[in-house]
Amino acid sequence: ETGVTQSPTHLIKTRGQQVTLRCSSQSGHNTVSWYQQALGQGPQFIFQYYREEENGRGNFPPRFSGLQFPNYSSELNVNALELDDSALYLCASSSLDREGTEAFFGQGTRLTVV
Amino acid sequence: AQKVTQAQTEISVVEKEDVTLDCVYETRDTTYYLFWYKQPPSGELVFLIRRNSFDEQNEISGRYSWNFQKSTSSFNFTITASQVVDSAVYFCALTPHGGSNYKLTFGKGTLLTVNP
């Protein structure tokens, strides 16, 4: 096990609603990245948080936002949900202070928007 | 821009067969890291290997081996004597070396099914 925990594991929301997903990072890691994985696709980078600041963003609209807390856990918020937001959301814990270190992933949150 | 291509969408083998998963990448960075991850049905991405672009030595870990060839921008993964437990989706990924951002670019994955 990686020590990276995501909650909830499954979620069903209605179009237009807002959702918050949570991730606890691995001990000793200060960086959390979020990825969206649509069915049958590879994960796509959403954004990254390093020491509580956003540190890079992929091609996702502003309704995808996040937070990182002093204990380095993180939240992903999605506003105005659309049907295409249905996907597996993965968070990855790593440490930018140790270059090239591998990222450890949580088990993901499967979001279904109806 | 970075790109990772896994041309094999699905592979099906019989237990004990050897199988090679292909990965070809594109990057303008002169130094970078390459990774392989395994994703079982549970969904979690399990780290398998990291390779620094400086190091072109092949690596073997038990039944797993990796062939990195910078000249052809390929980083292929071979499972020897496959087992049913190897059934999963395998992803190849790439990130630039250095900098302030650690963003993995993934391929679309290869679904490996090992039949008894």
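Being a predicted model, the structure only gives us computed values, none of them experimental. (Residues numbered from 1 in each chain as written. Chains lettered and ligands numbered in written order. Predicted model: local features only at pLDDT ≥ 70, side-chain atom pairs only at ≥ 80, totals over all residues. Heavy atoms only, no water.)

Enquirer: How would you summarise unusual backbone geometry if you had to cite specific residues and measurements?
Expert: Residue and element names in this part refer to chain A. Residue Pro 8 is reached from Ser 7 by a cis peptide bond, and omega for that bond is -10 degrees. The residue Pro 8 is located in the loop between β1 (5–7) and β2 (10–13) in this model. At Ala 80, a residue that is not glycine, the phi angle is positive and equals roughly 45 degrees. Summarising the element assignment, Ala 80 is placed in the loop between β8 (74–78) and β9 (87–94). (Helix = DSSP H or I, 4+ residues; strand = E, 2+ residues; numbered from the N terminus.)

Enquirer: Which residues make up the sheet that holds β8 of chain A, and what values do they have?
Expert: Residue and element names in this part refer to chain A. Taken together, the four strands give an open sheet; going across it, the order is β1-β3-β8-β7, and neighbouring strands pair in antiparallel fashion. Each edge of the sheet is formed by a strand with only one pairing partner; in this case those strands are β1 and β7 (64–68). Each strand of the sheet is rotated relative to its neighbour by a mean of 15 degrees, with strand direction disregarded. Pairing of β1 with strand β3 (residues 19–24), which is carried by three bridges, proceeds in the antiparallel orientation. Following the sheet pairing, Thr 5 is matched in β3 by Ser 24. (Pairing = 2+ DSSP bridges. Axes fitted to C-alpha atoms, helices over the stretch in contact; angles between N-to-C directions.)

Enquirer: An account of the packing of aromatic side chains is needed here, citing residue identities and associated values.
Expert: Scanning the model with the defined rule gives 21 aromatic pairs over all chains in all. Judged by centre distance (5.3 Å) and plane angle (85 degrees), the ring pair of Phe 105 of chain A and Tyr 37 of chain B falls under edge-to-face. Of the two residues, Phe 105 of chain A sits in strand β10 (residues 104–105) while Tyr 37 of chain B sits in strand β5 (residues 32–39), which places them in two different chains. Tyr 37 of chain B matches Phe 105 of chain A in its accessibility class, with the two residues each being buried. (Phe/Tyr/Trp six-rings, centres within 6.5 Å; stacked < 30°, edge-to-face > 60°. Buried < 20%, exposed > 50% of the residue type's maximum accessible area, 1.4 Å probe, protein only.)

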